[in-house]
Amino acid sequence: GELSTDPRFQDTWLPFLENPSPVLRAAALKAVSYSSEATGAEDAILAGLDDPDSLVRKWSILAAGNTHFEAAAERIRPLLDSDDPEVQGDAWYAFAGCAPLEEARALIARLGHEVVEGDPRFECYDAARGLLQQRLPRPPRRSAMGSVPGAPKGRAGAAGYAEGGPQRTLPLRQREEV
């Protein structure tokens with residue numbers, strides 16, 4: 001939201017990233033995870049991945065994914081197969097957000113074969129898949145008339161319109177007979 005792009009917001013949590021209290025470091029990393037980028041928090045995210053406190057590690061992982069912090073991908077890779085289901089799910093999500101697109105796609109494809117609906121890990125897989133989809137390039141949007149903006153005109157669209165305005169179109173069977 002607005003807080004994630006407001007530079008004054010970053011000034012609020014940046015000092016807490018190096019606080020001796022793990023609770024405050026975790027809270028600051030949680031704030032980073034809601035930010036649009038990791039600017040100023042890169043070292044804290046990487047350090048948090050090795051923190052002895054599990055909450056700091058969790059929010060470091062999630063901050064890396066949500067901010068698309070690519071430098072953290074190699075550090076998160078070993079966590080993809082963690083024995084701890086919560087760490088594993090957070091790592092799936094983060095990797096989908098910060099790894100190079102081809103690697104993230106490969107992970108989601110692999111998980112799509114391993115994790116089925118009803119599996120306790122399905123929610124984590126689904127969240128990771130959603131984050132990856134947000135990163136993918138989007139196809140051009142179609143206008144209300146069904147054409148791609150800027151595309152050449154002249155052929156009737158789904159609504160029967162062509163360059164000259166509305167036209168009557170015949171059902172396919174009748175057009176073939178003409």
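As the structure is a prediction and not an experimental result, all values here were calculated from the model.

**A word on the side chain of Q88**
Step number 1: Position of Q88 relative to the elements: it lies in helix α7 (residues 85-98).
Step number 2: The class of Q88 is buried, set by a relative accessible area of 9%.
Step number 3: Excluding residues that lie within four positions of it along the chain, Q88 makes contacts with L79, L80, D81, S82 and R121.

**As for the nonpolar core**
Step number 1: In terms of nonpolar packing, the biggest core is built from 39 residues, with L17, I45, I76 and W92 touching the most fellow members.
Step number 2: When contributions to this core are tallied by element, the ones reaching two or more residues are α3 (22-33), α4 (42-48), α5 (54-66), α6 (73-76), α7, α8 (101-114) and α9 (122-135).
Step number 3: Other than its neighbours up to four places away in sequence, I45 contacts L29, V32, A38, S60, A63, A64, T67 and F69.

**Description of the side chain of R25**
Step number 1: For R25, the position within the fold is in helix α3.
Step number 2: Residue class for R25 comes out buried when judged on its relative accessible area of 16%.
Step number 3: Those residues in contact with R25 that sit more than four places away from it in its chain are F16, L17, N19, P20, D51 and V56.

**Some words on unusual backbone geometry**
Step number 1: We note that H68 has phi near 55°; this positive angle belongs to a residue other than glycine.
Step number 2: By the element assignment, H68 lies in the loop between α5 and α6.

**What to know about α5**
Step number 1: Here α5 contains 13 residues, and its C-alpha end-to-end distance of 18 Å stays within 8% of the 18 Å for a straight helix at 1.5 Å per residue.
Step number 2: Those residues of α5 lying buried are V56, W59, S60, I61, L62, A63, A64 and G65.
Step number 3: A side-chain oxygen of the first residue of α5 lies 3.0 Å from the backbone nitrogen of L55; this N-cap is D53.
Step number 4: Positive phi appears at H68, one or two residues downstream of α5, with a value of about 55°.

Reading the values: the criteria
- Per-chain numbering applies: the sequence of each chain, read as written, is numbered from 1 onward.
- In keeping with the predicted nature of the model, local features appear solely for residues at pLDDT of at least 70, side-chain atom pairs appear and are counted solely at 80 or more, and the whole-chain, interface and lining totals rest on all residues.
- To get the side-chain values, take all heavy atoms of the structure and skip hydrogens and water.
- Think of it this way: any DSSP run of H or I at least four residues long counts as a helix, any run of E at least two long counts as a strand, and we number them from the N terminus.
- Burial classes: relative accessible area under 20% of the type maximum marks a residue as buried, over 50% as exposed, and values in between as partly exposed (1.4 Å probe, protein chains only).
- The contact criterion used is simple: two residues touch if any of their non-hydrogen atoms lie within 4.5 Å.
- The definition of a nonpolar core used throughout is a set of buried Ala, Val, Leu, Ile, Met, Phe, Trp, Tyr and Cys residues joined through side-chain atoms within 4.5 Å.
- Here, expected helix span is obtained from the residue count minus one, scaled by 1.5 Å.
- Throughout this description, a polar contact denotes any pair of N or O atoms lying within 3.5 Å of each other; where both atoms belong to protein, one of them has to be capable of donating a hydrogen while the other can accept it, and for residues adjacent in sequence the pair is counted only when both atoms sit in side chains.

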